[in-house]
Amino acid sequence: LYCSRLGNLYQLSADGSRDMLIAPAGVDSDYQELAWRPHSQQLWFGMREGDAVRMCARTIQQSNLICIDNGTHPAWSGSGDWFAYQRDNQLTIQHADASQRQIIQTGRDVALAIYWISDSTLVLVHGEEISQFQRDDGQIRASPLRRSGWVLAGVMPLVTQLSSP
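Residues numbered from 1 in each chain as written. Predicted model: local features only at pLDDT ≥ 70, side-chain atom pairs only at ≥ 80, totals over all residues. Heavy atoms only, no water.

**Considerations on the overall build of the protein**
Argument step 1. On a plain count of helices and strands, the protein comes out with 1 helix and 15 strands.
Argument step 2. For the protein, the computed accessible surface area is about 9,200 Å², with 48% contributed by carbon and sulfur atoms. (Helix = DSSP H or I, 4+ residues; strand = E, 2+ residues; numbered from the N terminus. Areas by Shrake-Rupley, 256 points an atom, 1.4 Å probe, with all protein chains shown as cover.)

So, in structure tokens, the structure goes:
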């Protein structure tokens, strides 16, 4: 298990009884928003450096650090073939081998979360709105919550229901 605590990156034992510092936060940086790439040893995360947050990866068996762009909310598709993150009001979707990349204007600033339903469909969760992005046609479809003043907090059950056959 890996977690970010006080900006530091830790490895935890499965029962939580022991932890090991993997990467300390710097004076002006910290680790946040962790996302495992499925079927791999890559841990992706946002690394805050001053006012910017960079999308970075660390291979667990090695201490290599790779940063690709500024952004937040890293999310991998279930197959581990597609990676998505948000930068301001843009959604970036990139194939794992970097052979394909799409940048989509979302029309909204930072989403609360990004979830993959399948390798072709993403859900972006905003406070009072849910958007679905279809990679195949490049369209974003927004659905406002029916009651004003409601804000989404826990979205995993919703995403699970959306992805069920």
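**A short note on the nonpolar core**
Argument step 1. Residues Ala75, Trp82, Ala84, Leu91, Ile93, Ile104, Ile114, Trp116, Leu122, Leu124 and Phe133 constitute the largest nonpolar core, which totals 11 residues.
Argument step 2. Contributions of two or more residues to this core are made by β9 (82-87), β10 (90-95), β12 (113-118) and β13 (121-126).
Argument step 3. Sequence-distant contacts of Ile114, defined by excluding residues within four places in its chain, comprise His73, Ala75, Ala84, Tyr85, Gln86, Leu91, Leu122, Val123 and Leu124. (Core = buried A, V, L, I, M, F, W, Y, C linked by side-chain atoms within 4.5 Å. Buried < 20%, exposed > 50% of the residue type's maximum accessible area, 1.4 Å probe, protein only. Contact = heavy atoms within 4.5 Å.)

**Describing the packing of aromatic side chains**
Argument step 1. Applying the stated criterion across every chain, the model contains 4 aromatic pairs.
Argument step 2. Here Trp44 and Trp76 contribute two aromatic rings whose centre-to-centre distance is 5.8 Å and whose plane-to-plane angle is 65°, an arrangement assigned as edge-to-face. Placement of the pair is Trp44 in strand β5 (residues 42-49) and Trp76 in strand β8 (residues 72-76), with a sequence separation of 32 residues.
Argument step 3. The class of Trp44 is buried, set by a relative accessible area of 8%.
Argument step 4. An angle of 40° between the planes, with centres 5.6 Å apart, marks the rings of Phe83 and Tyr85 as tilted.
Argument step 5. Note on Phe83: relative accessible area 3%, which makes it buried. (Phe/Tyr/Trp six-rings, centres within 6.5 Å; stacked < 30°, edge-to-face > 60°.)

**Examining the sheet that holds strand β11 (residues 101-105)**
The strands making up a sheet are joined through hydrogen bonds of the backbone, oriented either antiparallel or parallel.
Argument step 1. In space, the 4 strands of this open sheet follow the order β8-β9-β10-β11, with antiparallel pairing throughout. Each having just a single partner strand, β8 and β11 make up the two edges of the open sheet. Strand-to-strand, the axes of this sheet are offset by a mean angle of 15°, without reference to chain direction.
Argument step 2. Bridge count between β9 and β10: 6 bridges; the pairing is antiparallel. Bridging from a neighbouring strand, Tyr85 pairs with Thr92 of β10. (Pairing = 2+ DSSP bridges. Axes fitted to C-alpha atoms, helices over the stretch in contact; angles between N-to-C directions.)

**Quick look at the pairing of β10**
For a regular strand, side chains alternate in direction, first toward one face of the sheet and then toward the other.
Argument step 1. Taken across its 6 residues, β10 has 5 buried, putting it largely inside the fold.
Argument step 2. The turn linking β9 back onto β10 is made up of 2 residues, and Asp88 within it adopts a positive phi angle of 55°.
Argument step 3. As judged from the 5 bridges shared by β10 and β11, these two strands associate in the antiparallel manner. Following the sheet pairing, Thr92 is matched in β11 by Ile103.
Argument step 4. The antiparallel hairpin formed by β10 and β11 contains 5 residues in its connecting segment, where Ala98 sits at a positive phi of about 65°.

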